[in-house]
Every structure is written in C-alpha cells, then in structure tokens.
Amino acid sequence: MRGTLKAFWTMTAALLLILAGCGGGGGDEGQQRRFVSIGSAPPGGAFFVVGSAIGEVLNANGPGNWEVNNEATSGSQENIRRLDAGDLDLAISNAAITYSAVNGSRDWDKEYPMRSLMTLAPNVALFITTGGSEIRTIQDLKGKRVVVGPSSAGFEHFLAPLLEVHGVTYDDFTPLYSSQAGAVDMLADGSAAAAFLGGAVPTASITQASSSMEIYFIPFDEEAKQQAVDRYPFFNPASIPAGTYRGQEEAYDGLNVGSMHVITSASADEELIYQITKTLYEHRQEVTEKHPAGKAINPDNVVRNVGTPFHPGAVRYYQEIGIWPGQ
C-alpha cells in the first residue's frame, strides 16, 4: 500500500511539472509560456493607447502560449534603446526617430539594429501661429520663440531635417520645450510666437487652439517639401481636408513627418514575429475598434517603406498573403 501511494504521488508531481512547463494547457501543449513586452509612451498619448490595443488583441487572439504586456515608457528613443538591450520585445516608434537610430545619425551613439513589423498611422505635423502674427513662412520663424515639442521626445529627428530644407536651424530661433497642450497655452498668452503641433488628424491640440483663438497654418515651401520627401523615406505628402478645424476654409497641403510603426530588434525570433504580424493583421478590425490607428493596418499602408528594414518574420507573412511589394 505504501509503495502504491508513493508511486501515485511521484506520478502526480511529474504531471504537475509537465503542465507548468506547458503554461497550463490552452492548446499550447509542449510550448513554454512566453511573456511579450511592448514599449509605447507615457499615458495620455496615442502611442500608449495603440500599444494597449495591440497587447489586448494579441492576448485575445494569439496561439495561447504568450502573455503580452504594454509598458508605459518615455517614447520612441527609450523604446529603441530597450529593444537593443533586450528589455523589450516590441515597441511603438516614430519612423523618423527609428530611421535616425538605424543609421546612427542625429546624435545616436551607434547604429541600432531595429526592424519593422508594420507601418501604422501617419503623423501629420505643422507649424501654427496666431491669426494676427507677422509670421507667414517658415523662414519668418527666425528670431522668434517657437515651441518644438516636449523635451527629450525626439522631435528634432524629423523637425531638424524639415527646417534644414527650408534654410532654417534651431540656432535661428529660440526653441521652447512643452507638451502640445502646453504649447497652445503659450500661443494664447503670447509667450510663444509659433508652435509645431501634430499627430493623427484631427489633432486634439490643434482643435483646442482653433477653438480658443484664430490660428494660421504656416505653409511649407513646395520646393523644400519635395526635397524633404526625396531625401528622407519617412517624409511623404499628407493633406488636412478643409473644415477639419474651425476657421480652416481650405485644405492644407502638409507632410507626414514620420508614421507610427511597430518595431522589434533584428535578433528577434522569426517565428514569434511571424505569429505576431499574422495575428495583428488578421484581427486588424479589433485594433481599429480600440483606436483609429488600426485603420492603417491595410494592404496599401502596412508594408510601406519608411526607412527601417522589415523583420524576416513579418516579410514571410506578407509574402504569404501576397501584399509584399514586388511580388
């Protein structure tokens, strides 16, 4: 009897160890449970909401052996460094910032081996000023106080090259650092002459500004804008339809200054990235239900080149469904 009980408990312990190694079942027998971390940005912005939406959709529709968690970070620059260090598995980033990191340019200390999974929503940004301002061109920013974005957010990775094609640098004006909501307040009280604002259209900060004061959209020089598009793959033309903001009677011919995209390290496991890409693409409507950025997960946009090479796992999936360019 004692020998029978001993054998029973030995078999039970072995079975529990097997189940623990499999993550408790759920159709993923024989597979280790995998924890997948997504770096996004501070709460309150689009990156954090999109990161949360992606995490929820992956958890709800994945193969059953992964648990995905969205982490609030300081944004693209931290995400890239933590991907490189192996502290994150995926991240949301601005394509212009990733491009600079991949190429080791604009103050990055080395070339960071980042890879893209999919291109998401455009970041349509522009300079605005008050209606009564004397500023009517980007060159008119010289000598003025201009809000250029939050400190350490990385806006200079797309704003500096955009200014350069217009013959302007940060040294030509006084750069001020603030959130977009803070920038609107600074325009209203006169402590800033202009501000660089943007994001998905409509952008909350521009809606706020146009609702509280008369504003002027500073146009891009067409020749300079084309130079930016030709020189940098993350720039592409983007129009803001007339009537998007109060008092905007005509369409604004602007720029996407760096799409949001999902990135990973070049060393990330190919099969994992394949499964993540497949799950997000096949359940893109669920992402859209949680945030409008999900609309960008479509055959025309998701494989768009923004200057960062795609991960082989993502390429394999896009080739399978026939949307990879050049097929």
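Caption draft 1: Up close: the overall build of the chain. Looking only at helices and strands, one finds eleven helices and twelve strands in the chain. Each of the three principal axes of the chain carries a C-alpha extent, and together these read 95 × 45 × 40 Å. Contacts spanning at least 24 positions in sequence make up 74% of the contacts within the chain whose residues lie at least 6 apart. Surface exposure of the chain reaches about 14,900 Å², of which carbon and sulfur atoms provide 52%. Charge separation in the chain, taken as the distance between the mean sites of 22 positive and 36 negative side-chain charges, equals 6 Å.

Caption draft 2: Fine view of helix α4 (residues 95–103). Within α4, eight of the nine residues are buried, leaving the element largely enclosed by the surrounding structure. Of all the positions in α4, only A95, A96, I97, T98, Y99, S100, A101 and V102 are classed as buried. Of the surrounding elements, those touching the buried residues of α4 are α3 (76–85), β3 (90–94), β4 (114–119), α5 (156–164) and β12 (260–265). Taking the backbone nitrogen of A96 as reference, a side-chain oxygen 2.8 Å away marks N94 as the first, capping residue of α4. One or two steps after α4, the chain reaches G104, where phi turns positive at roughly 65 degrees.

Caption draft 3: Layout of unusual backbone geometry. That bond from V201 to P202 is cis: its omega, 0 degrees, falls within 30 degrees of zero. Mapping P202 onto the fold places it in the loop between β8 (194–199) and α7 (204–212). Phi angles above zero are rare outside glycine, and R106 is one such case at about 50 degrees. Assignment of secondary structure puts R106 in the loop between α4 and β4. For R106, a relative accessible area of 27% translates into the label partly exposed.

Caption draft 4: Spatial organisation of the packing of α3 against α4. The geometry of α3 relative to α4 is characterised by a closest axis approach of 10 Å and an angle of 40 degrees between their N-to-C directions. As judged from the angle between their axes, α3 and α4 are oblique. For α3 against α4, the interelement crossing comes out right-handed. Packed against α3, whose contacting residues are S76, Q77 and I80, the element α4 presents I97, T98 and A101 at the interface. Across the contact of α3 with α4, the residue classes tally to three nonpolar, three polar and no charged.

Caption draft 5: Representation of the packing of helix α2 (residues 46–61) against helix α9 (residues 270–282) within the structure. Put simply, α2 and α9 touch, their axes get as near as 10 Å, and they point 100 degrees apart. It follows from the interaxial angle that α2 and α9 lie roughly perpendicular. Judged by residue contacts, I54, V57, L58 and N61 of α2 engage I276, T279 and L280 from α9.

Caption draft 6: Representation of the side chain of S100. As for its placement among the helices and strands, S100 is situated in helix α4. A relative accessible area of 2% places S100 in the buried class. The residues contacting S100, other than those within four sequence positions of it, are S105, R106, W108 and H157.

Caption draft 7: A look at the nonpolar core. Counting residues in hydrophobic clusters, the biggest one holds 51 residues, and the most contacted among them are F127, L141, F158, F196 and F235. The dominant element in this core, judged by the number of residues it contributes, is strand β5 (residues 124–130), at five residues. F196 has contacts with A125, L126, F127, V147, F155, F158, L159, L162 and V257, leaving out every residue within four places of it along the chain. With 37 residues, the next largest nonpolar core counts V36, V57, V68 and Y281 among its residues.

Caption draft 8: How the structure looks around α9. Its 13 residues give α9 an end-to-end C-alpha distance of 18 Å, which sits within 8% of 18 Å, the value for a rise of 1.5 Å per residue. Within the sequence span of α9, burial applies to L272, I273, Y274, I276, T277, T279, L280 and Y281.

Caption draft 9: Molecular detail of the pattern of salt bridges. Using the criterion set out here, one finds twelve salt bridges in the structure. Among the ionic pairs, D89 bridges to R34, the shortest N-O distance being 3.1 Å. Remark: R34 occurs in strand β1 (residues 34–39) and D89 occurs in the loop between α3 and β3; sequence separation between them is 55 residues. With a shortest N-O distance of 3.2 Å, E134 and K144 are connected by a salt bridge. Taken as a pair, E134 in the loop between β5 and β6 (145–147) and K144 in the loop between β5 and β6 lie far apart in primary sequence, ten residues in all. Looking at E134, the relative accessible area reads 62%, which means it is exposed.

Each value, and the rule that gives it
Residues numbered from 1 in each chain as written. Predicted model: local features only at pLDDT ≥ 70, side-chain atom pairs only at ≥ 80, totals over all residues. Heavy atoms only, no water. Helix = DSSP H or I, 4+ residues; strand = E, 2+ residues; numbered from the N terminus. Contact = heavy atoms within 4.5 Å. Areas by Shrake-Rupley, 256 points an atom, 1.4 Å probe, with all protein chains shown as cover. Lys, Arg positive; Asp, Glu negative; His and termini not counted. Charge placed at Lys NZ, Arg CZ, Asp CG, Glu CD. Buried < 20%, exposed > 50% of the residue type's maximum accessible area, 1.4 Å probe, protein only. Polar contact = N/O pair within 3.5 Å; in protein donor to acceptor, adjacent residues only side chain to side chain. Axes fitted to C-alpha atoms, helices over the stretch in contact; angles between N-to-C directions. Parallel < 35°, antiparallel > 145°, perpendicular 65-115°, else oblique. Left-handed = near helix turned anticlockwise from the far one by under 90°. Nonpolar A, V, L, I, M, F, W, Y, C, P; charged D, E, K, R; others polar. Core = buried A, V, L, I, M, F, W, Y, C linked by side-chain atoms within 4.5 Å. Expected span 1.5 Å × (residues − 1). Salt bridge = Lys/Arg side-chain N within 4 Å of Asp/Glu carboxyl O.

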